[in-house]
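# Coordinate analysis (summary)
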Amino acid sequence: MPILAFDAVTKSFGDLKALDEITFTVKKGELFALLGPNGAGKTTLINCLNGLTDRDSGKILVMGEDPQKNPSFTKMKLGIVEQELVFDHFFSAIEILRIRRGLFGLPPDEAYLDWILEKLNLTDKRDAKPMGLSGGMKRRLMIAKALAHNPEILILDEPTAGVDIALRQNLYKFLKELQKEGKTIILTTHYLEEAEFLADTICIQASGKTLLVEDKKNLLERNNGKNLEAIFLELTA
C-alpha cells in the first residue's frame, strides 16, 4: 500500500477548477517532486491533504486513513512546510519547537530538537526570536517546526525560496539524510534543477490536471538526455 494516495481529487473555487481529478500515489521513503507553474493547484492539493481545504470529490489516503475522517492521525503523520512564514514572535526558536511537540502530546526531547537545529544551521539562533532572523533563517525554522513532532511524511512547499546557495546545498544533504532514515518527502519547487537533483519521482501539474507522473531516471532517459527544465517547459507550454 502506498504511504499517500490521491484518487480523482477535484476542487473548485466558483468557476475555477483548481484540481481536476488529480490521481497519483507516493511510496514510503520516496522523494517525490510535485511541479507546476503558478496556478497549477499544488498548494490547493497540499491544503486538501492537510485538511485545511475540503475536496469536492475523490479520495485522499494517508497511510490508509482519510484526512477528513481521521484528522488527528493524519496530522500526526504529516509535517508540512507552508510557503507563508508563520510564527508566534513572542517565542524563541527552541521554544517554538517545544510548543510544536507539545501540541501533539509528545514528551520533551531536547536532544532531538537540538539535532534538528544543528542540521538546519540554526544552533546559534536557538534562543533568537523570529523577528530577529533573516528570511532564509525563517524558512529553515519553518522546516524545523514541521519536523518537531518527528512526522513520517515531510511536505515542503517551496522550501528554498530566499535561501542562499550554500545553505540550500546543506538543506539538500539533510533531506537526503532524512530520506535514508525512512522519511517520505514531497517537494514543490520552482527550481527545476533542485527537483532533478533530489527527486526519485517527478509529477508535473498544470491548470489543475496531472500531466505526468514518472520515475525521474526513466523520464530523462526517455527524453533523450533533455534536462527536466526542457521537459517541463514542453509539457506546460
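Before reading on, note that the structure itself is shown above.
Structural notes, computed from the coordinates.

What follows covers the nonpolar core. Leu35, Leu141, Leu154 and Ile202 are the most contacted members of the largest nonpolar core, which has 44 residues in total. No other element matches the six residues that helix α5 (residues 135-147) contributes to this core. Once residues lying within four places of it in the same chain are set aside, the contact partners of Leu141 are Phe87, Ala93, Ile96, Leu97, Leu122, Pro130 and Leu133. Core analysis: the next-biggest nonpolar cluster, separate from the first, contains 22 residues, Ile22, Phe24, Leu45 and Ile153 among them.

Strand order in this open sheet of six strands is β5-β6-β7-β3-β8-β9, and the pairing throughout is mixed. Two strands close off the open sheet at either side, each with one partner strand: β5 (78-81) and β9 (209-215). The sheet shows a mean angle of 15 degrees between the axes of neighbouring strands, direction not considered. The sheet contact formed by strand β3 (residues 31-35) and strand β8 (residues 201-206) spans four bridges and is parallel. Bridged to Ala33 within β8 is Ile202. Strands in contact with helix α9 (residues 228-236) are β3, β8 and β9; relative to β8, the strand with the most contacts, it is inclined by about 30 degrees.

Okay, the sheet that holds strand β2 (residues 16-26) next. Pairing within the open sheet is antiparallel, and its three strands lie in the order β2-β1-β4. Across the chains shown, the open sheet's two edge strands, defined by having one partner strand only, are β2 and β4 (57-62). Ignoring which end each strand starts from, the neighbouring axes of this sheet average 20 degrees apart. The pairing of strand β1 (residues 4-13) with β2 spans seven bridges and is classified as antiparallel. Of the residues in β2, the one forming a bridge with Ala5 is Thr25.

Let's shift gears to the packing of aromatic side chains. Considering all chains together, one arrives at five aromatic pairs under this definition. Seen in terms of ring centroids, Phe24 and Phe32 are 4.9 Å apart; in terms of plane orientation they differ by 20 degrees. Their pairing is stacked. On the basis of relative accessibility, which here comes to 0%, the residue Phe32 falls in the buried class. Positioned above the aromatic ring of Phe13 is the side chain of Lys11, whose terminal nitrogen or guanidinium carbon lies 5.2 Å from the ring centre.

Conventions we followed
Residues numbered from 1 in each chain as written. Predicted model: local features only at pLDDT ≥ 70, side-chain atom pairs only at ≥ 80, totals over all residues. Heavy atoms only, no water. Core = buried A, V, L, I, M, F, W, Y, C linked by side-chain atoms within 4.5 Å. Buried < 20%, exposed > 50% of the residue type's maximum accessible area, 1.4 Å probe, protein only. Helix = DSSP H or I, 4+ residues; strand = E, 2+ residues; numbered from the N terminus. Contact = heavy atoms within 4.5 Å. Pairing = 2+ DSSP bridges. Axes fitted to C-alpha atoms, helices over the stretch in contact; angles between N-to-C directions. Phe/Tyr/Trp six-rings, centres within 6.5 Å; stacked < 30°, edge-to-face > 60°. Lys NZ or Arg CZ within 6 Å of the ring centre and 35° of its normal.

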